[in-house]
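Residues per chain are reported as follows:
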Amino acid sequence: MNSAPVAERIRLSLFLANAVRDGQITTGLSTLVTAVADACSAVATAVERGIFDGACGNAHSENVHGESQKKLDVVSNDIVIEKLASVSCVRALASEELESIRLMPSSSRGDEDGYLVLFDPLDGSSNLEINGIVGSIFSVLAAPEAGVAIDESHFLQSGVQQVCAGYAIYGASTMFMLTTGRGVDGFTFDRHSESFVLTHPQLRIPDSTCEFAINMSNERFWNEPVHRYVRECVAGAEGPRRANFNMRWIASMVAEVHRILMRGGIFLYPRDSKNREFAGRLRLTYEANPMAFIVEQAGGMSTTGEAPIMNIKPERVHQRVPVILGSKLEVERLVDYHNQTAVD
Ligand code: AHG
Ligand code: MN
Ligand code: MN
């Protein structure tokens, strides 16, 4: 990674203009991504200034998952909706914080390619009270042709159909990570120029790693392939892996995926028996799919253990799914352990 001055770097606006010029994305998608990035810089400010704006603490309401909402979950959701409502090619939205899909003013337009946007406006929001890392995740799908009345069924496209996806991370600096299916590019927000500048072009995740991330407090609920994998990592140099592993858990998927993009690693929120009603903890359409797209575009791999995440045909926008993603050789090992258990 070079350390060229900001003035010599490519801004997101030029990056997108070049992609339009080269026929890689439509003008509409460029406008959409610009609006998402604007929304993310506004969310970053809202998170940073929360204490001064009375936006800290609980909203005393619940989302569709029965989780209590923080004020900043609601504020971030409103920011994203407001920014996207002014983009003429955005036909409809789905969000972790909205029970049903939301049609946009342009929902029946047909004069340009239309898109559907799914998002988690604030991921890892349990970290807010400790000034920990949070982020926003988004996924873009093609909308049906003009004249079709949009409903939830149009959002139920498998992850391989994503046109674009990414996330913003609000950490020591604010970053915006993007894929349109041509690798993954990372932009850092420059507070002086108020713009995202390309700082991490064409990121690649190393194939191998000695770092894993899993919420160990759920150990008693895991299935055997995950037990075996973690047992072997923890056994270290004396165990079958013949290597010492490190473990990290930030409780923010954005932060875990970002670490994996920067230095490799594997993240697991696997199927467990804690709540038999759900297949996993994370949500397929606005958490697992966009992160799987990013990770795979950077040379990593993603799976539920049984199947590639992006091959799943969603049944509901708010559906949950087991998630294992990161460095290729480790994810392949877990798929292998799952296959062996299925055969036994
Ligand atoms: P959200 O804040 O959008 O509800 O998502 C939190 C998710 C994810 O970011 C993280 O990996 C996981 O929940 C953490 O779960 P635990 O609290 O079980 O560790
Ligand atoms: Mn989330
Ligand atoms: Mn969230």
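Procedures and definitions
- Per chain, residues are indexed from 1 in the order of the written sequence.
- Chains and ligands are labelled by the order in which they are written, letters from A for the one and numbers from 1 for the other.
- The predicted origin of the model limits local features to residues at a pLDDT of at least 70 and limits the giving and counting of side-chain atom pairs to 80 or more, whereas totals for whole chains, interfaces and linings rest on all residues.
- Hydrogens and waters are ignored; side-chain quantities use all the structure's heavy atoms.
- UniProt positions are given in the numbering used here, feature names are shortened, and annotations may be inferred rather than shown by experiment.
- For helices the rule is a DSSP run of H or I covering at least 4 residues; for strands it is a run of E covering at least 2, with both sets numbered from the N terminus onward.
- As a rule, N, O and S atoms within 2.8 Å of a metal are its donors, except that Na, K and Ca use 3.2 Å; water is not among the atoms, so sites may look incomplete.
- Relative accessibility thresholds used throughout: buried, under 20% of the residue-type maximum; exposed, over 50%; partly exposed, between the two (1.4 Å probe, protein chains only).
- One bridge is not enough; two strands pair if DSSP finds at least two bridges between them.
- Residue contacts are defined here by distance: any two heavy atoms, one from each residue, within 4.5 Å place the two residues in contact.
- Axis definition: a line fitted to C-alpha atoms, limited for helices to the stretch in contact. Angles are taken between N-to-C directions and run from 0 to 180 degrees.
- Method remark: on a 1 Å grid restricted to protein atoms, a set of points is classed as a cavity if a 1.4 Å probe fits but cannot get out and as a pocket if it is open with protein on both sides within 12 Å along at least five of seven lines; lining residues have an atom within 4 Å of a point.
- Within 3.5 Å is the distance limit for a polar contact, defined as a pair of N or O atoms, with the added protein rule that one can donate a hydrogen and the other accept it, and that residues adjacent in sequence qualify only through two side-chain atoms.
- The domain boundaries here were taken from an automatic or database domain assignment.
- When two parts are put together, the accessible area they lose, computed with a 1.4 Å probe and summed over both, is reported as buried area.
- A pairing counts as a salt bridge when a side-chain nitrogen of Lys or Arg comes within 4 Å of a carboxyl oxygen of Asp or Glu.
- Residues are labelled near a given molecule or strand when at least one of their non-hydrogen atoms is within 4 Å of it.
- In this description, a molecule resides in a pocket or cavity if more than half of its atoms sit within 2 Å of the grid points defining it.
- Three categories are distinguished: nonpolar for Ala, Val, Leu, Ile, Met, Phe, Trp, Tyr, Cys and Pro, charged for Asp, Glu, Lys and Arg, and polar for the others, with Gly belonging to the last.
- Grid points are joined across faces, edges and corners, and a volume is the space filled by probe spheres set on the points.

Q: Even after reading the chapter, I still don't get the UniProt feature "domain: Fructose-1-6-bisphosphatase class I N-terminal" (unreviewed entry) in the protein, so can you show me in this structure?
A: In this structure's numbering, the residues bearing the UniProt feature "domain: Fructose-1-6-bisphosphatase class I N-terminal" (unreviewed entry) are residues 25-201. Between the end C-alpha atoms of residues 25-201 there is a gap of 17 Å, over a span that is 21% helix and 33% strand.

Q: Could you clarify how one ought to interpret the coordination of the manganese ion (ligand 3) in this entry?
A: Each angle at a metal carrying four tetrahedral donors should ideally be 109.5 degrees, and each at a metal carrying six octahedral donors should ideally be 90 or 180 degrees. Those protein atoms acting as donors to the manganese ion (ligand 3) are E96 (OE), D120 (OD) and L122 (O), and they sit at 2.2 Å. Coordination of the manganese ion (ligand 3) draws on donor residues from a single chain, spaced E-x23-D-x1-L in sequence. Between the manganese ion (ligand 3) and the manganese ion (ligand 2), the interatomic distance is 3.7 Å, and D120 donates to each metal, bridging them. Since its relative accessible area comes to 1%, D120 is described here as buried. A relative accessible area of 1% places L122 in the buried class.

Q: What should I look at first to understand the sheet that holds strand β13 (residues 266-269) in this one?
A: In a beta sheet, neighbouring strands pair by backbone hydrogen bonds and run either parallel or antiparallel. One open sheet accounts for five strands, arranged β12-β11-β13-β17-β15; its pairing is mixed. At either margin of the open sheet sits one strand with a lone partner, and together these are β12 (246-247) and β15 (301-303). The pairing of β15 with strand β17 (residues 323-326) spans three bridges and is antiparallel. Paired with S302 across the two strands is L325, which belongs to β17. Each of β11 (211-213), β13 and β17 touches helix α5 (residues 253-263); the most contacted strand, β17, lies at about 30° to it. Helix α7 (residues 328-343) contacts β13, β15 and β17 of the sheet and is inclined by roughly 25° relative to β15.

Q: Before we go on, may I ask you to explain the UniProt feature "binding site: substrate" (unreviewed entry) in the protein in this structure?
A: With numbering matched to this structure, UniProt assigns "binding site: substrate" (unreviewed entry) to D123, G124, S125, S126 and N215. As for the annotated residues named above, the ones lining the second largest pocket are D123, G124, S125, S126 and N215. Mapped onto the elements, D123 comes out in strand β5 (residues 115-123). Here N215 lies in the loop between β11 and α4 (224-234). Setting aside anything within four residues of it in sequence, one finds N215 in contact with W222, W249 and Y269. A distance of 2.6 Å separates polar atoms of two side chains, one belonging to N215 and the other to S217.

Q: Quick question: what am I supposed to make of the domain arrangement of the protein here?
A: How large an interface is tends to be reported as the accessible area lost when its parts come together. Here the domain parsing of the protein yields domain 1 (6-200) and domain 2 (211-343). The C-alpha-based centres of domain 1 and domain 2 are spaced at 24 Å. Listed as interface residues are 48 residues of domain 1 and, on the opposing side, 32 residues of domain 2. When domain 1 packs against domain 2, the two sides together hide about 2,900 Å² of surface, and 64% of this comes from carbon and sulfur. Its largest share of buried area at the contact with domain 2, domain 1 owes to H65, L156 and Y167, together 21% of the area lost on that side. Counting the contacts that link domain 1 with domain 2 gives four salt bridges. E67 is paired through a salt bridge with R283; the nearest N and O atoms lie 3.4 Å apart. Our enumeration of links across domain 1 and domain 2 arrives at 20 residue pairs in polar contact (both at pLDDT 80 or more).

Q: Would you explain the site of ligand 1 in this entry?
A: Looking at ligand 1, there are 18 residues lining it, with E96, D123, G124, M253 and Y269 nearest. E96 places a polar side-chain atom, nitrogen or oxygen, 2.9 Å from an oxygen atom of ligand 1. According to the grid-proximity analysis, the pocket containing ligand 1 is the second largest pocket. Among the elements that line the shell around ligand 1, the one with the most residues is β5, at three residues. Of the residues in the shell around ligand 1, the class split is seven nonpolar, four polar and seven charged. Counting residues domain by domain, the shell around ligand 1 receives three or more from each of domain 1 (6-200) and domain 2 (211-343).

Q: Just checking my understanding: could you explain the layout of surface pockets for this structure?
A: Empty pockets left among the atoms are what a rolling probe the size of a water molecule brings to light. Of the pockets and cavities examined, the largest pocket occupies roughly 470 Å³. In this structure, the largest pocket is lined by 23 residues; those nearest its centre are V47, E48, L128, N131 and G132. The class makeup of the residues in the lining of the largest pocket is 11 nonpolar, eight polar and four charged. Lining the second largest pocket are 26 residues, and of these G124, S125, S126, A251 and R281 sit closest to its centre. Of all elements in the fold, only β2 (68-70), β5, α5, β13 and β14 (282-283) reach the threshold of two or more residues within the lining of the second largest pocket.

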